[in-house]
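What follows is each chain in one-letter form.
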Amino acid sequence: MADAPDSSTKCGFIALIGVPNAGKSTLLNALVGSKVSIISHKVQTTRALIRGIAIEGRSQLIFVDTPGIFSPKRRLDRAMVTTAWSGAHEADLVGVLIDARKGLDDESEQILQRLSEVKPPKLLVLNKIDLVAKEALLTLANTANKAAKFEATFMVSALSGDGVNDLKAWLAGRVPAGPWLYPPDQMSDAPMRQLAAEITREKLFERLHQELPYHSTVETEIWKELRAGDIRIEQTIYVERESQRKIVLGKGGQTIKAIGEAARKEIAEIVEAKVHLFLFVKVREGWGEDPERYRAMGLEFPKE
Ligand SMILES: Nc1nc2c(ncn2[C@@H]2O[C@H](COP(=O)(O)OP(=O)(O)OP(=O)(O)O)[C@@H](O)[C@H]2O)c(=O)[nH]1
Ligand SMILES: [Mg+2]
C-alpha cells in the first residue's frame, strides 16, 4: 500500500471505558474476534491500555481497552485509573460501558459526571443485556442519556455477541477518514511476551481467592525459540509476602502447576507451537511501589 493518504479508507481509535467488571475486555475481544485482552469475574483485571484491532469494510477500528475506573486507593490503583482516563482523552470516540444488570451505581454515576471533560464524542453501551428485561434497559438508557451527552446508544451482550455487529458497523461509519495504521491482519499491538504474561495473570485471577491476585504481577523474563520450533518461556510471578508465595505454590506445588498448565495450553494455541512454560514465584516486598514493575506493565508510575 502506498503511504499517501487514501481518502477512501477510515481509521480511528475507540476507547472503551467504564467501572471495573462492566465487560470492557469481553467486548473488545468480541469486536476484534479474538482474545487480546484478559477477562475475569473479579474486578480490576485489566491494568494497562490494551489495543485490539479490527477491520470493518474500508475502516480500521483500533479499540483501546482500559482499566476499570473506580475510587483509587493504592498507588497501583491510581496508576490504573489515570491510565483509563488518558485512554479516553486520546481517542477519536469513547464507548462508555454500563453493566445493565448493575445499572447506575455510584461509581458509574461519577464516570458520567466526568464525561463533560472528555472532548471526543461519546457513545453509550449498555452491556450484559442477556441478564436484563427490555423495559429496564430502556429506563436505564433514558437515565444515562440525561446524565451525559451521548451520540448514540447501543445495547449489547459482549458474552453472547448480541448487538456487537451493529455497534461495529456504526463505528466503521463514524471513525474519521484516514489511512490504516496497522497491517490488515494484525489484531493486537502487544508483543507476545506481554500477552503471555497477561494470560498467566488471568489464570492467577481465576485460581487465587480474595485479595491475592491484586498483590501479584507477572513478567516474562525469557522467550526463546528452540531448534525444534518449540518455545521456552520463563515467567516470574511477583508477590509481596512469603505467605502469599506459599499460597501461589499450593500444597505440594499443586496450585502453581495448575496455573502453569492452563497458561501453557492457551499460549501454545496462540503461537501454534509447543510451549515449555516455567513459572517462578518471587517475593518482592513492596513491588507495588517499584517503578520498574510499572514499566513492565506499561503504566506510568504515579509520583504519589
Ligand atoms: N452475562 C454476561 N456477562 C458478561 C458480559 N460481558 C462480560 N461479562 C462477564 O463480566 C465479567 C467481567 O468481564 P471483563 O470483560 O473482565 O470486565 P472489564 O470491564 O474488562 O473489567 P476490568 O478489567 O476489571 O475493569 C466476566 O465474568 C465476563 O464473563 C455479558 O454481556 N453478559
Ligand atoms: Mg478488563
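Residues numbered from 1 in each chain as written. Chains lettered and ligands numbered in written order. Predicted model: local features only at pLDDT ≥ 70, side-chain atom pairs only at ≥ 80, totals over all residues. Heavy atoms only, no water.

(A) Region of interest: the overall build of the protein chain. Counting its secondary structure elements, the protein chain contains nine helices and nine strands. In terms of C-alpha radius of gyration, the protein chain reaches 20 Å, essentially the compact-globule figure of 19 Å for 304 residues. Overall, the C-alpha framework of the protein chain stretches about 55 × 50 × 40 Å when taken along its three principal axes. The buried share among the 304 residues of the protein chain stands at 52%. When the accessible area of the protein chain is evaluated, it comes to approximately 14,900 Å², of which 51% is carbon and sulfur surface. (Helix = DSSP H or I, 4+ residues; strand = E, 2+ residues; numbered from the N terminus. Rg over C-alpha atoms; globule rule 2.2 N^0.38 Å. Buried < 20%, exposed > 50% of the residue type's maximum accessible area, 1.4 Å probe, protein only. Areas by Shrake-Rupley, 256 points an atom, 1.4 Å probe, with all protein chains shown as cover.)

(B) Structural view of the sheet that holds strand S9 (residues 275-283). Taken together, three strands build an open sheet; the order of strands is S7-S8-S9 and the sheet is mixed. Pairing within the sheet leaves two strands with one partner each, and these edge strands are strand S7 (217-225) and S9. Averaged over neighbouring strand pairs, the angle between their axes works out to 20° when direction is ignored. Where strand S8 (residues 231-239) and S9 come together, nine bridges link them in parallel fashion. Residue pairing for S9: Ile-237 is matched across the bridge by Val-281. The sheet contacts of helix H7 (residues 242-249) involve S8 and S9, and relative to S9 the element is tilted by about 155°. Contacting S7, S8 and S9, helix H8 (residues 254-271) crosses the sheet at an angle of about 135° to S9. (Pairing = 2+ DSSP bridges. Axes fitted to C-alpha atoms, helices over the stretch in contact; angles between N-to-C directions. Contact = heavy atoms within 4.5 Å.)

(C) View of the sheet that holds strand S1 (residues 10-18). A sheet is described by the order of its strands in space; here six strands give the open sequence S2-S3-S1-S4-S5-S6, paired in mixed fashion. Because the sheet does not close on itself, it has two edges, and the strands there are strand S2 (50-56) and strand S6 (152-155). Strand-to-strand twist across the sheet, computed as the mean angle between neighbouring axes with direction ignored, equals 25°. When S2 meets strand S3 (residues 59-65), the two strands line up antiparallel, connected through seven bridges.

(D) Highlighting the packing of aromatic side chains. Under the definition given, this model contains three aromatic pairs. Consider the rings of Phe-205 and Tyr-214, whose centres lie 5.5 Å apart with planes at 90°: the pair is edge-to-face. As far as burial versus exposure is concerned, Phe-205 and Tyr-214 are alike and both buried. The aromatic ring of Phe-278 is capped on one face by Arg-232, whose charged end is 4.1 Å from the ring centroid. It is Arg-293 that lies over the ring of Tyr-238; its NZ or CZ is 4.4 Å from the centre. (Phe/Tyr/Trp six-rings, centres within 6.5 Å; stacked < 30°, edge-to-face > 60°. Lys NZ or Arg CZ within 6 Å of the ring centre and 35° of its normal.)

(E) Just the site of ligand 1, in detail. Around ligand 1, the surrounding shell holds 22 residues, and the nearest of these are Lys-24, Thr-26, Gln-44, Thr-45 and Asp-130. Contact with the protein chains hides 90% of the accessible area of ligand 1, taken as 650 Å² for the molecule alone. (Near = heavy atom within 4 Å.)

(F) Inspection of the nonpolar core at higher detail. Counting 58 residues, the largest nonpolar core has Ile-17, Leu-27, Phe-63, Trp-85 and Leu-115 as its most contacted members. Those residues within four positions of Leu-115 in sequence are excluded, and the remaining contacts are Ile-17, Trp-85, Val-96, Lys-122, Ala-148 and Phe-150. Core analysis: the next-biggest nonpolar cluster, separate from the first, contains 22 residues, Leu-208, Ile-233, Val-248 and Ala-268 among them. (Core = buried A, V, L, I, M, F, W, Y, C linked by side-chain atoms within 4.5 Å.)

(G) The arrangement of the coordination of the magnesium ion (ligand 2) in detail. Note on the magnesium ion (ligand 2): its protein donors are Ser-25 (OG) and Thr-46 (OG1). The metal-donor distances range over 2.0 to 2.1 Å. With Ser-25 in helix H1 (residues 24-32) and Thr-46 in the loop between H1 and S2, the pair connects residues that are 21 residues apart, well separated along the chain. We note that Ser-25, like Thr-46, is buried. (Donors = N, O, S within 2.8 Å, 3.2 Å for Na, K, Ca; no water.)

(H) Spotlight on helix H6 (residues 192-207). Taking 1.5 Å per residue, 16 residues should reach 22 Å; H6 reaches 23 Å between its end C-alpha atoms and fits that length. Among the residues of H6, those classed as buried are Leu-195, Ala-196, Ala-197, Glu-198, Ile-199, Thr-200, Arg-201, Glu-202, Lys-203, Leu-204 and Phe-205. On its buried face, H6 sits against S2, S7, S8, H7, H8 and S9. (Expected span 1.5 Å × (residues − 1).)

(I) Representation of the pattern of salt bridges. Evaluation of the coordinates by the stated rule reveals 18 salt bridges. Glu-117 is the partner of Arg-114 in a salt bridge, and the nearest nitrogen-oxygen pair spans 3.8 Å. Look at Arg-114 and you get partly exposed, because its relative accessible area is 35%. In this structure, Arg-264 and Glu-261 form a salt bridge, with 2.9 Å as the shortest nitrogen-oxygen distance. Of the two residues, Arg-264 and Glu-261 are both situated in helix H8; the distance of three residues between them amounts to about one turn of the helix. Each of Lys-35, Glu-202, Lys-203 and Glu-266 takes part in one network of salt bridges that share partners. (Salt bridge = Lys/Arg side-chain N within 4 Å of Asp/Glu carboxyl O.)

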